[in-house]
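# Summary of structural features
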Amino acid sequence: AQSVAQPEDQVNVAEGNPLTVKCTYSVSGNPYLFWYVQYPNRGLQFLLKYITGDNLVKGSYGFEAEFNKSQTSFHLKKPSALVSDSALYFCAVRDRGGATNKLIFGTGTLLAVQP
Amino acid sequence: EPEVTQTPSHQVTQMGQEVILRCVPISNHLYFYWYRQILGQKVEFLVSFYNNEISEKSEIFDDQFSVERPDGSNFTLKIRSTKLEDSAMYFCATRGGGGGNQPQHFGDGTRLSIL
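Attention here is on the structure that accompanies the text. Quick caveat, the model's predicted, so the values are computed rather than measured. (Residues numbered from 1 in each chain as written. Chains lettered and ligands numbered in written order. Predicted model: local features only at pLDDT ≥ 70, side-chain atom pairs only at ≥ 80, totals over all residues. Heavy atoms only, no water.)

### Here's the deal with the nonpolar core
Residue and element names in this part refer to chain A. This is how it is decided: Note on terminology: a nonpolar core comprises buried Ala, Val, Leu, Ile, Met, Phe, Trp, Tyr and Cys residues joined through side-chain atoms within 4.5 Å. Remark: exposure states derive from per-residue accessible area (1.4 Å probe, protein chains only) relative to the maximum for the residue type, with buried under 20%, exposed over 50%, and partly exposed in between. The helix and strand labels rest on DSSP assignments: H or I over at least four residues marks a helix, E over at least two residues marks a strand, and numbering proceeds from the N terminus.
One finds Trp-35, Leu-47, Leu-48, Phe-74, Leu-76 and Tyr-89 to be the most contacted residues of the largest nonpolar core, which totals 27 residues. Elements represented by at least two residues in this core include exactly strand 2 (10–14), strand 3 (19–21), strand 5 (33–38), strand 6 (44–50), strand 8 (64–68), strand 9 (73–78), strand 10 (87–94) and strand 12 (109–114). The dominant element in this core, judged by the number of residues it contributes, is strand 10, at 4 residues.

### Brief notes about the side chain of Asp85(A)
Residue and element names in this part refer to chain A. Spelled out, the test is: Side-chain atoms alone can form a polar contact between residues adjacent in sequence; in general such a contact is a pair of N or O atoms within 3.5 Å, and within protein one must be able to donate a hydrogen while the other accepts it. Note on contacts: a residue pair qualifies if any of its non-hydrogen atoms lie within 4.5 Å across the two residues.
The topology assignment puts Asp-85 in the loop between strand 9 and strand 10. For Asp-85, a relative accessible area of 3% translates into the label buried. A polar contact of 2.8 Å, which involves the side chain of Asp-85, links it to the side chain of Lys-78. What Asp-85 contacts, discounting residues up to four positions off in sequence, is Leu-19, Phe-63, Lys-78, Ser-80, Leu-111 and Val-113.

### Focus on the pattern of salt bridges
Selection rule: Between Lys or Arg on one side and Asp or Glu on the other, a salt bridge is scored when a side-chain nitrogen of the former is within 4 Å of a carboxyl oxygen of the latter.
Applying the stated criterion across every chain yields a total of 6 salt bridges over all chains. With a closest N to O distance of 3.0 Å, Asp108(B) and Arg42(A) form a salt bridge. A residue pair is termed interchain when its members come from two chains, as with Asp108(B) in the loop between strand 10 (105–106) and strand 11 (110–114) and Arg42(A) in the loop between strand 5 and strand 6. The class of Arg42(A) is partly exposed, set by a relative accessible area of 34%. Between Lys102(A) and Glu56(B) there is a salt bridge, with the nearest N and O atoms lying 2.6 Å from each other. Here Lys102(A), found in the loop between strand 10 and strand 11 (103–105), pairs with Glu56(B), found in strand 6 (residues 53–57), and the two come from separate chains.

### Description of the sheet that holds strand 8 (residues 75–79) of chain B
Residues and elements named next belong to chain B. Our working rule: In short, DSSP must find at least two bridges between two strands for them to pair. Where helices are involved, their axes are fitted lines through C-alpha atoms of the stretch in contact, as for all axes, and angles between N-to-C directions lie from 0 to 180°.
With antiparallel pairing, the 4 strands of this open sheet are ordered in space as 1-3-8-7. Looking along the sheet, the strands with just one partner apiece sit at the ends: strand 1 (5–7) and strand 7 (65–68). Direction aside, the axes of adjacent strands within the sheet are offset by 15 degrees on average. Pairing of strand 3 (residues 19–24) with strand 8, which is carried by 5 bridges, proceeds in the antiparallel orientation. From the neighbouring strand, Val-19 faces strand 8, where its bridge partner is Ile-79.

### Some remarks on the state of the cysteines
Structurally, a disulfide amounts to a covalent bond that connects the sulfur atoms of two cysteines. Residues and elements named next belong to chain B. Here is the rule we go by: In what follows, a disulfide is any cysteine sulfur pair within 2.5 Å.
Scanning the model with the defined rule gives 2 disulfides over all chains in all. Paired through a disulfide, Cys-23 and Cys-92 show a sulfur-sulfur distance of 2.0 Å. Negative torsions about the S-S bond denote left-handed disulfides, and the value of about -60 degrees found for Cys-23 with Cys-92 makes this one left-handed. Here Cys-23, found in strand 3, pairs with Cys-92, found in strand 9 (residues 88–95); they are 69 residues apart in sequence, far enough to count as distant. Residue class for Cys-92 comes out buried when judged on its relative accessible area of 0%.

### Description of the interface of chain B and chain A
Note the cut-off: Three residue categories are used. Nonpolar comprises Ala, Val, Leu, Ile, Met, Phe, Trp, Tyr, Cys and Pro, charged comprises Asp, Glu, Lys and Arg, and polar comprises the others, including Gly.
Contacts between the two partners involve 20 residues from chain B, matched on the other side by 24 residues from chain A. Linking chain B with chain A are 2 salt bridges. Here chain B and chain A share 6 residue pairs in polar contact (both at pLDDT 80 or more) between them. Mapped onto the side of chain B that touches chain A, the elements with two or more residues apiece are strand 4 (31–37), strand 5 (43–50), strand 6 and strand 9 of chain B. When the residues that make up the side of chain B that touches chain A are grouped by side-chain class, the tally is 7 nonpolar, 8 polar and 5 charged.

Here it is in structure tokens:
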């Protein structure tokens with residue numbers, strides 16, 4: 001069965017510093033991986049995806065993620081954090097076993113960027 | 001940018017009552033999903049809908065739940081007889097064609113509170 005793990009409930013970083021939010025996955029076959037962000041009282045906003053090709057994927061708001069097949073990881077990164085990046089971040093994998101490409105989510109990581 | 005719209009934003013209902021949650025998908029999207037997020041927990045798949053029928057459902061989606069797209073625009077989730085444990089945020093998501101690597105777009109959710 002497909003699964004996603006986000007080992008950190010919360011990540012704290014100072015504004016201007018680089019940030020990393022970790023994600024590891026377990027899938028059979030090639031993974032389709034996604035990152036979403038959730039601001040308070042809002043739905044999930046798509047940030048970026050990895051399907052195939054380049055291991056470094058660039059997405060919205062300056063975020064990028066690095067796919068590492070040997071470590072089964074898909075960590076989210078940003079070179080310089082902003083206070084406005086503070087939100088809940090979810091890693092997800094597409095379920096290749098089902099008929100409809102539903103997403104399987106990790107438990108989420110709360111990113112707190114201090115001014 | 002087109003958005004998925006959900007109504008109401010907050011629904012308070014007595015246990016045992018029926019509720020209907022509504023979603024207006026992005027206009028050219030073909031695949032529709034419902035997810036839920038119990039407070040403090042991860043986002044869980046409920047059901048997917050394509051071509052006017054359920055494509056896949058989770059074990060959470062029992063006989064008390066139903067979905068339909070009655071007028072070709074609104075996509076609804078009905079809970080026939082609500083239970084306390086149905087209290088959660090319910091998210092509608094939609095996806096266009098072009099394969100499972102297309103991201104799902106989420107609405108802002110309906111917060112369902114069962115008393």
